[in-house]
Amino acid sequence: MNTRAIPAALILGLLAAIVLAPLAGLLNLGSMPGYETGDLRFWQSGYIRRVLYFSLWQALLSTLCSVLPAILVARAFALQPGLPLRALLLRLFALPLVVPAVVAVMGVVSVYGSDGWIPLGRSLYGMNGILLAHVFFNLPLAVRLLLPHWQAIPLAHWQLAEQLGMSAWHRWRYLEWPALREGLPGVMLLIFMLCLTSFAVVLTLGGGPKSTTLEVAIYQSLRFDFDPVRAVILALLQLVLCLLVASLTLKLHRLPEVEITIDSTAPPTTSAFKPLQLMLILLASIYVAMPLLSMLLDALAGPLAVVLVRGGLWRSVLNTLFIGLSAALCSVGAGWILLRYAADLAQRGRSGRARLVDLAGSIVYVVPPLVIGTGMFVLMAPQVDVFAWVYPIVITVNALMGLPFVIRTLGPALRQNNARYHLLCQSLALSGWNRFRYLEWPLLRRPLGLATALVAALAMGDLGVIALFGTPDTATLTLLIYQQLGAYLIPHATVTALLLLVLCLGVFWSLERGIGGRADA
Amino acid sequence: MYWLSRLCQGTLLALLLVSGVHAAMPTLTVYTYDSFTSDWGPGPQVKKAFEAQCDCRLDLVGLEDGVSVLNRLRLEGKNTRADLVLGIDTNLTAEARASGLFTNHGLTLEASALPEPWRDDLFLPYDYGYFAFVYNKERLKNPPASLRQLVEDEDGPTILIQDPRTSTPGLGLLLWIKKVYGDQADQAWAKLSKRIVTVSKGWSESYGLFLKNEADMVLSYTTSPAYHMIAEQDQRFAAARFSEGHYQQIEVAGMVVGSQQQRLAREFLQFMLGERFQKIIPTTNWMYPAVLAKASLPAEFSQLIDPGKTLLFDDSQVAAQRRQWVDEWLETMSR
């Protein structure tokens, strides 16, 4: 055990406790009188088989449709560092992630619905709609997560490629693909998990119960027929499924053979396919911008003044900010400790173990917040006044859900940094705070900024467990949107959604800029 | 790390404030659904009116919906903070009764506006409504006149509905079709499914899609057009009247056993059946108040359709067969 192992073990233990204790609590509840478990043979029912098949199939398709184009778009962005409005476009790409699902569904319908700009009619409902919405959410995220891998390719390599007269294909094969292989599997896994656990999108745009995911089945078992054991079994099934997929993606994972630098300058812009790249960027930007634009137009036509001057609104804004920032802080803190430990392990040649730590941090995402929340509730309700614990619980669950994003954004950079400077640090006896202050902060602040911004924005847009716990006065903006939708106030909800978007954009921008430094992404 | 310690202090302070000590005044805690407590629901007005008369604090805790309220209460059991539960409906009362967590209200409901006389020792109704398909009169000229016509006319209107696994109106439609078609419900669903544009998780999603003209009709309530008439001065929306009658939903409140505030809870139930509370309901919850006479409703309510025959299963039958019926529905709809 070294000094790094202890805090990391603590965090891992905490993760296990936060995920497993609620499951145990729910299982225990199942043995109490009044909670007869339904027929456990649901296992063999055609329903569950169909649900499993559909969950996997739609998640797989959505992942491929998001990640493959995203590689091309990220590459185009990487090779066009001087593109006008580039920073703005990349910031736009962070937005879909924070749009609450139900609002995004409305945006997608505004664009592709029967009265939309590109009317697809009823064929929207089914796999088409699911894919359109999932790609809207995940393509821009994948672009943001993949882009730094190009920026990690040293200038010298580009120059060498130039001198050797490499074709674009060879550059891709020998320069870009090896750099990408460290990050791509993780990004694919993350997006697979996001699509697998997608709920409102699948149920609303899926066209009917044919499109039922495991997540829906889990939710169902915690509602009319309150069956905690069934919920836990399904949640574990989902976890196992993700572990299987994770082990597949790890096969693709390779660390680069030559250690590469962090602070590279932009690659040379002499690219033969410039018009094609511009076209790709343009198409992707239009695709992402259309639903957002339709939301903007709807909101601007809505009762702006009525919504914005309401007394309770600004309280919700503060609640939302508080939850978003606290969750980001916890998540980035925990992620940092885990990643430092993983980087240490990798440094000492134990990359298998390093991957496990990485995996533990990423996989927590697939345990549904509803299951964790209900389980926590079961455990805590007899001991404490749960109402006093709403904030800590909501922040914990959001931090947990944000952890995979931290691992993905910060992980590769931190590992490369460690590999490159570890020996130097040892010879200079640079450690602890000084190491952070003089080495890690300057080199890692950019991914650190992105990670913090992502988690904060994500937590701000999450309905999460707040709705589950319910208190007299903890309304967040997302909850407010749902309340307005539930009260026929759809125009009001669009305005609130716009406010949430603007707020998220503001937070994202200030965190990324404030922590990350330069405006470039 | 100065800022970090400040942030920790801030977090602690916020936690203390949240858990803050309440005033010495007695507090009546009511679990309900959050569209009741939201600024647009009856909650704020109810709180103000009741606190003015009771010399107490009324704490309305909003959960996702009626189902969550009951689940929450069952999870908390004897440790619950709730003195009263408001917002479970007649499809859940049998399970609520079986939980043993409710106590006799000891009141009698004499002048109810409900079509049937109310007899229940544990629960008292505060409002009710009927499920219906709502449409835009300018876009759909000839709405179906019966459920059978909606189901069987292959060129009939497209519809948006909610999922009976997750939503109360969704379950309502399932029961409605069961009531009209009995054993032939599967065939009815098979026919209808061709014209279902999508099945959403909750009411909000499908109603939102309907307002974006994604389908001709949406499953909602007979009272929905009143919202558009009163709040938006919009006369375009109407509910289709079905000759078989409409499935009814009655929302009720009940006192939690072992509450320290029995007297206050009973006072609240009395207040709930009184004119002040009842007059708040029509234009905030958009339902029919359970006690108030039709004549005292806003004028626009007289333009709503008369549901004719009321359809309602016995709550114990719903509790016993819901799971099986939902499974059958899934089987038919997943084909």
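Analysis parameters
- Residues numbered from 1 in each chain as written.
- Chains lettered and ligands numbered in written order.
- Predicted model: local features only at pLDDT ≥ 70, side-chain atom pairs only at ≥ 80, totals over all residues.
- Helix = DSSP H or I, 4+ residues; strand = E, 2+ residues; numbered from the N terminus.
- Buried ≥ 20, exposed ≤ 12 C-beta atoms within 10 Å, placed from the backbone.
- Contact = placed C-beta atoms within 7 Å.
- Arc of directions from axis to C-beta.
- Axes fitted to C-alpha atoms, helices over the stretch in contact; angles between N-to-C directions.
- Parallel < 35°, antiparallel > 145°, perpendicular 65-115°, else oblique.
- Left-handed = near helix turned anticlockwise from the far one by under 90°.
- Nonpolar A, V, L, I, M, F, W, Y, C, P; charged D, E, K, R; others polar.
- Domains from an automatic or database assignment.
- Core = buried A, V, L, I, M, F, W, Y, C linked by C-beta atoms within 7 Å.
- Pairing = 2+ DSSP bridges.
- pLDDT = per-residue confidence, 0-100.
- Expected span 1.5 Å × (residues − 1).
- Bend = angle between axes of the 7 residues up to and from the residue.

## Brief notes about the overall build of chain A
Scanning chain A from terminus to terminus reveals 21 helices and zero strands. Dimensions along the principal axes, computed over C-alpha positions, put chain A at roughly 70 × 60 × 50 Å. Evaluated residue by residue, chain A yields a buried proportion of 52% over its 521 residues. Residue pairs at least 24 apart in sequence account for 85% of intrachain contacts in chain A once pairs closer than 6 positions are excluded.

## Topic: helix α8 (residues 185-193) of chain B
All names here are of chain B. Within α8, burial applies to A185, A188, W189, L192 and S193. Along α8, the residues classed as buried sweep out an arc of 130 degrees about the axis, all on the same side. Taken together, the buried residues of α8 touch α6 (147-152), α7 (168-181), β7 (196-200) and α13 (315-333).

## A few points about the packing of helix α4 (residues 101-112) of chain A against helix α9 (residues 203-211) of chain B
Interhelical geometry of α4 of chain A versus α9 of chain B gives an angle of 20 degrees and a closest axis separation of 11 Å. Regarding the angle of α4 of chain A to α9 of chain B, the classification is roughly parallel. The handedness of the crossing between α4 of chain A and α9 of chain B is right-handed. For the pair α4 of chain A and α9 of chain B, the contacting residues are V102, V105, M106 and V109 of chain A in the first and S204, E205, G208 and L209 of chain B in the second. Counted by class, the contact of α4 of chain A with α9 of chain B contains five nonpolar, two polar and one charged residues.

## Quick word on the interface of chain B and chain A
Facing 48 residues of chain B, the contacting portion of chain A comprises 52 residues. Those elements giving two or more residues to the side of chain B that touches chain A turn out to be α1 (2-18), α2 (34-37), β2 (57-63), α4 (66-76), β7, α9 and α13 of chain B. Looking at the side of chain B that touches chain A, its residues break down into 17 nonpolar, 17 polar and 14 charged.

## Considerations on the domain arrangement of chain B
Residue and element names in this part refer to chain B. Each domain of chain B was delimited in the assignment, giving domain 1 (26-128 + 249-303) and domain 2 (130-248 + 306-333). Relative placement of domain 1 and domain 2: their C-alpha centres are 26 Å apart. Listing elements by their share of the side of domain 1 that touches domain 2, those giving two or more residues are α5 (93-98) and β10 (246-256). Ranked by residue count, the leading element in the side of domain 1 that touches domain 2 is α5, at three residues. Its residues assigned to classes, the side of domain 1 that touches domain 2 shows nine nonpolar, seven polar and four charged.

## Describing the nonpolar core
Judged by nonpolar contacts, the single largest core of 272 residues is most densely connected at V105, V455 and A457 of chain A together with L84 and F133 of chain B. In this structure, L84 of chain B is in contact with L28, V30, A253, M255, V256, A265 and F268 of chain B, ignoring residues within four places of it in sequence.

## Focus: the domain arrangement of chain A
All names here are of chain A. Partitioning chain A into domains gives domain 1 (1-31 + 302-521) and domain 2 (43-290). Put simply, the middle of domain 1 and the middle of domain 2, counted by C-alpha atoms, are 20 Å apart. The interface of domain 1 with domain 2 comprises 45 residues on the first partner and 44 residues on the second. For the side of domain 1 that touches domain 2, the elements supplying multiple residues, two or more each, are α1 (5-30), α15 (351-363), α16 (369-380), α17 (390-428), α18 (432-460), α20 (477-486) and α21 (490-516). The element that contributes the greatest number of residues to the side of domain 1 that touches domain 2 is α17, accounting for nine residues. Split by residue class, the side of domain 1 that touches domain 2 holds 32 nonpolar, nine polar and four charged.

## Considerations on the pairing of strand β5 (residues 123-136) of chain B
Residues and elements named next belong to chain B. Of all 14 residues making up β5, 13 are buried, and the element is well covered by its neighbours. With seven bridges joining them, β5 and β10 adopt antiparallel strand pairing. Counted as the bridge partner of L124 is A253 from β10. Relative to strand β11 (residues 288-289), β5 is paired through two bridges, and the arrangement is antiparallel. In the sheet register, Y128 faces β11, and the bridge partner there is Y288. In this structure, β5 lies alongside strand β8 (residues 217-221), joined through five bridges in antiparallel fashion. From the neighbouring strand, F131 faces β8, where its bridge partner is Y221. Both β5 and strand β9 (residues 237-239) contribute to a ladder of three bridges, which runs antiparallel.

## Describing the confidence of the model for chain B
Close inspection of predicted coordinates is inappropriate in any region flagged by low pLDDT. Residue and element names in this part refer to chain B. In this model, chain B carries an average pLDDT of 90, and 93% of its residues clear a pLDDT of 70 or more. For the stretch residues 1-8, pLDDT sits under 50, and the model shows zero contacts to residues farther than four places along the chain or on other chains. For residues 15-23, every residue scores under 50 in pLDDT, and the model assigns this stretch 10 contacts once sequence neighbours within four places are set aside. Here the complex is predicted with pTM 0.88, and the ipTM for its interfaces comes to 0.86.

## Observations concerning the packing of α17 of chain A against α18 of chain A
Residue and element names in this part refer to chain A. Their axes nearest at 9 Å, the elements α17 and α18 cross at an angle of 165 degrees. Between α17 and α18, the angle falls in the class roughly antiparallel. Seen along the crossing, α17 lies across α18 with a hand that is right-handed. Looking at side-chain class alone, the contact of α17 with α18 contains 18 nonpolar, four polar and two charged residues.

## Topic: α13 of chain B
Residues that lie three or four places apart on an α-helix share one face, since the helix turns once every 3.6 residues. For α13 of chain B, with 19 residues, the first-to-last C-alpha span of 25 Å sits near the 27 Å given by 1.5 Å per residue. Of all the bends in α13 of chain B, the greatest measures close to 55 degrees and is centred on Q321 of chain B. Those residues of α13 of chain B that fall on the buried side of the exposure criterion are D315, V318, R322, V326, W329, L330 and M333 of chain B. On its buried side, α13 of chain B packs onto α2 (46-79) of chain A together with α5, α7 and α8 of chain B.

## A word on the pairing of strand β6 (residues 159-162) of chain B
Consecutive side chains of a regular strand alternate in pointing toward one face of the sheet and then the other. Residue and element names in this part refer to chain B. Of the two faces of β6, the one lined by I159 and I161 and the one lined by L160 and Q162 are each fully buried. Across four bridges, β6 lies against β7 in parallel orientation. From the neighbouring strand, L160 faces β7, where its bridge partner is T198. For β6 and β8, the ladder comprises two bridges, and the chain directions are parallel. Across the sheet, the residue bridging to I159 is M217, located in β8.

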